[in-house]
Amino acid sequence: MKGIWLENQQLQLRSDLPTPEPPAGEALVRVLRAGICNTDLELLRGYYPYKGILGHEFVGVVEQGPENLLNRRVVGEINAACGYCRFCLSNQPTHCENRTVLGIVNRNGAFAEYLTLPVKNLHPVPENVSTDEATFTEPVAAALEIQQQIQICPVDKVLVVGDGKLGQLVAQTLALTDCQLLVIGRHREKLANLEERGIKTGFADAVTTGAFDVAVECTGNPEGFAIARRALRPCGILVLKSTYAGNLSLDISSLVVDEITLVGSRCGPFKPALELLSQQKVNVKPLIQAHYPLEAGIDAFVHAQKKGILKVLVDIGQE
């Protein structure tokens, strides 16, 4: 089997990988397409000591599994939970103490011809959602997780910091709440994608200090964090959607004095994400900037690491 292998912060296109055998309760999925995510790039930079096949945003076809899923396009939740730890028993499987995570923690990922996942993690892709669009299910779900964690109302003033891949999806999903939304970034052409959907955008100088109820940080860099923190009123909520390869310095005293709530936010609900894509309430097509075959997967990663690039997709199998 061919796949993109990460080891010692080096990528390698390998053709000698064994095709995985699905254990009981899991399905074998032939991968059609996979997207390069910022987390993949952070793993490459050493954010977490992972060794194996990268990739967790994917669409595939079930080749071994339950009859109702056979030969159907699916997407998959990336956390494979044990089912019996305290988090699983309290219906928090994404925090399972024994979990593996597709392409991130102790489970080979999607930049390969085949992968395995628990059957309960798989979701059929609606017929009217293209394979390209369905590849965004995982990041759309991650964007929706914010609304699972905190209530956003039309009266709320909400700031999204970052116009990259995740920031674009966070902005589009938050806009559906009719909140008073502002998205700031550094790239006029990226912000234009959101302006076309009626979302107010600007640069850092558009942020009024202490004016926002909620700030969502999507940049993964200290400057973005500083802007998000500065924007919040006392008792505001700071949502962190990014992983950081390095350490972040915090002014803890100001968080205490202003009684700021910090919310870490990552994986989210797949069914609502697929519904939004099916209903065309989120437009992901402008985010796709390149396709590469698996054989040119290393070149795809080089492209994805260039400044200002949005989504790079890797085409792996035939539909």
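Residues numbered from 1 in each chain as written. Predicted model: local features only at pLDDT ≥ 70, side-chain atom pairs only at ≥ 80, totals over all residues. Heavy atoms only, no water.

To keep it simple, the criterion reads: UniProt positions are given in the numbering used here, feature names are shortened, and annotations may be inferred rather than shown by experiment.
As named in an unreviewed UniProt entry, the protein is Alcohol dehydrogenase, taken from Okeania hirsuta. Per UniProt, the protein carries the Sequence similarities (unreviewed entry) text "Belongs to the zinc-containing alcohol dehydrogenase family." Checking UniProt for the protein, the heading Cofactor (unreviewed entry) contains the comment "Zn(2+)".

1. A word on the packing of aromatic side chains
To be explicit about the condition: The pairing test for Phe, Tyr and Trp rings, Trp by its six-membered ring, is centres within 6.5 Å, and the orientation test on the planes gives stacked under 30 degrees, edge-to-face over 60, and tilted for anything in between. In DSSP terms, a helix is any run of H or I states spanning at least four residues, a strand is any run of E spanning at least two, and both are numbered starting from the N terminus. Two conditions define a charge sitting above a ring: the NZ of Lys or the CZ of Arg must be within 6 Å of the ring centre, and it must be within 35 degrees of the ring normal.
Overall, the coordinates contain one aromatic pair when judged by the stated rule. Relative to Phe 301, the ring of Phe 111 lies with its centre 5.5 Å away and its plane at 75 degrees, an arrangement referred to as edge-to-face. Residue Phe 111 is found in the loop between β8 (100-101) and β9 (114-118), and its partner Phe 301 is found in helix α10 (residues 297-304); the two are separated by 190 residues along the sequence. One cation-aromatic arrangement involves Arg 14 over Trp 5; the distance from NZ or CZ to the ring centre is 4.6 Å.

2. Considerations on empty space enclosed by the protein
The line we're drawing: Any residue with an atom within 4 Å of a point lines the site, the site being either a cavity, points on a 1 Å grid over the protein atoms alone where a 1.4 Å probe fits but cannot get out, or a pocket, an open set with protein on both sides within 12 Å along at least 5 of 7 lines. Grid points are joined across faces, edges and corners, and a volume is the space filled by probe spheres set on the points. Under the convention adopted here, Pro, Cys and the residues Ala, Val, Leu, Ile, Met, Phe, Trp and Tyr are nonpolar, Asp, Glu, Lys and Arg are charged, and Gly plus all remaining residues are polar.
Per the counting criterion, the structure on display carries one cavity of 30 Å³ or more. Taken as a whole, the largest cavity spans an internal volume of roughly 40 Å³. Of all elements in the fold, only β5 (57-64), β6 (73-76) and α4 (137-149) reach the threshold of two or more residues within the lining of the largest cavity. Residues of the lining of the largest cavity, tallied by class, amount to four nonpolar, four polar and two charged.

3. Quick notes on the pattern of salt bridges
How we decide: What makes a salt bridge here is a side-chain nitrogen of Lys or Arg within 4 Å of a carboxyl oxygen of Asp or Glu, nothing more. The buried label goes to any residue with under 20% of its type's maximum accessible area, the exposed label to any with over 50%, and the partly exposed label to all in between, with areas taken from a 1.4 Å probe on protein chains only.
Under the counting rule described, the total for this entry stands at 16 salt bridges. Note that Lys 2 is salt-bridged to Glu 295, the shortest N-O span being 3.1 Å. With Lys 2 in the segment before β1 (3-7) and Glu 295 in the loop between β17 (288-293) and α10, this residue pair connects regions lying 293 residues apart in the sequence. A salt bridge links Glu 57 to Lys 311; the shortest N-O distance between them is 2.7 Å. A residue pair is termed long-range when its members are at least 10 positions apart, and Glu 57 in strand β5 and Lys 311 in strand β18 (residues 311-315) qualify at 254 residues. The pair Glu 57 / Lys 311 is uniform in exposure class, with both members buried.

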